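# Report on the structure
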Amino acid sequence: DGGITQSPKYLFRKEGQNVTLSCEQNLNHDAMYWYRQDPGQGLRLIYYSQIVNDFQKGDIAEGYSVSREKKESFPLTVTSAQKNPTAFYLCASTWDPRNTEAFFGQGTRLTVV
Amino acid sequence: SQQGEEDPQALSIQEGENATMNCSYKTSINNLQWYRQNSGRGLVHLILIRSNEREKHSGRLRVTLDTSKKSSSLLITASRAADTASYFCATDARSNQAGTALIFGKGTTLSVSS
């Protein structure tokens, strides 16, 4: 079945650690996105990528990094520079955001311990 | 910055009633989309309306778009308890040579009681 998979579902990070969230899609979509969602809030854009080996900062990119070495993969690293990383992270992909729907993963809940 | 702003932030209704939520946005768009999110889950696409369309239907959903007012509404008719979720609008508001970003609003939380 085609879809978008995020892993892990739950992740715990110690202060000062970097952690990487995985996002894989087998939909052959060009565009991929990372969003952050805080309790009771909307989605805020962290990074997005239209094509392999290229990505753009969103509204809240500080403290995060991404890579797009393969079309199907768009991992997000939450670095120690992100001072308040506890949140729900959502990955999405779409063939063309100007014309087609986005598909979302089930999310990763990151907690700092 | 948020592109879309939904209104109201929260809505509580009884089963069988209609639910209407609104979305306003700031810049020109190619399309506007509505998504649903059950608690703790990913978002699911509901409907996409293009900038040259004024109204679109899908089952119990009716979406309107007014580009002159930069606003859209989502109507859910004959609501059910299973419609309880958060609803978000999204636009392809940020588009340049580097790509197009989908920008979401803060959402409307709908609670349908039986």
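In what follows, the accompanying structure is described. (Residues numbered from 1 in each chain as written. Chains lettered and ligands numbered in written order. Predicted model: local features only at pLDDT ≥ 70, side-chain atom pairs only at ≥ 80, totals over all residues. Heavy atoms only, no water.)

### Side note on a nonpolar patch on the surface
All names here are of chain A.
- Taken together, the side chains of Tyr10, Phe12 and Val113 present a nonpolar region at the surface, about 360 Å² in accessible area.
- One can find Val113 in the segment after strand S11 (108–112).
- On the accessibility criterion, Val113 (57% relative accessible area) is exposed. (Patch = residues over 30% accessible without salt bridge, like charges linked within 9 Å, V, L, I, M, F, W, Y side chains within 5 Å. Areas by Shrake-Rupley, 256 points an atom, 1.4 Å probe, with all protein chains shown as cover. Salt bridge = Lys/Arg side-chain N within 4 Å of Asp/Glu carboxyl O. Helix = DSSP H or I, 4+ residues; strand = E, 2+ residues; numbered from the N terminus. Buried < 20%, exposed > 50% of the residue type's maximum accessible area, 1.4 Å probe, protein only.)

### Here we look at the environment of A:Lys71
Residue and element names in this part refer to chain A.
- With respect to the secondary-structure elements, Lys71 resides in the loop between strand S7 (64–66) and strand S8 (76–78).
- Leaving out residues up to four positions away in the same chain, Lys71 has contacts with Gln25, Asn28, His29, Asp30, Met32 and Val52.
- Of note is the side chain of Lys71, whose polar atom sits 2.8 Å from the side chain of Asn28. (Contact = heavy atoms within 4.5 Å. Polar contact = N/O pair within 3.5 Å; in protein donor to acceptor, adjacent residues only side chain to side chain.)

### Side note on the state of the cysteines
Residue and element names in this part refer to chain A.
- Scanning all chains against the criterion turns up 2 disulfides over all chains.
- Shown here is the disulfide that connects Cys23 with Cys91, its sulfur atoms set 1.9 Å apart. The chirality of the disulfide connecting Cys23 with Cys91 is left-handed, given an S-S dihedral of about -75 degrees. Separated by 68 residues along the polypeptide, Cys23 in strand S3 (residues 19–25) and Cys91 in strand S9 (residues 87–94) bring together distant segments of the chain. As far as the burial class goes, Cys23 and Cys91 line up, both buried. (Disulfide = S-S within 2.5 Å.)

### Re the interface of chain A and chain B
- In this complex, chain A contributes 27 residues to the contact, which on the side of chain B involves 28 residues.
- Applying the counting rule to chain A against chain B returns 0 salt bridges.
- Remark: the boundary between chain A and chain B carries 5 residue pairs in polar contact (both at pLDDT 80 or more).
- Of all elements in the fold, only strand S4 (31–37), strand S5 (43–51), strand S6 (54–57) and S9 of chain A reach the threshold of two or more residues within the side of chain A that touches chain B.
- Sorting elements by how many residues they give to the side of chain A that touches chain B places S5(A) first, with 5 residues.
- Classifying every residue of the side of chain A that touches chain B gives 10 nonpolar, 10 polar and 7 charged. (Nonpolar A, V, L, I, M, F, W, Y, C, P; charged D, E, K, R; others polar.)

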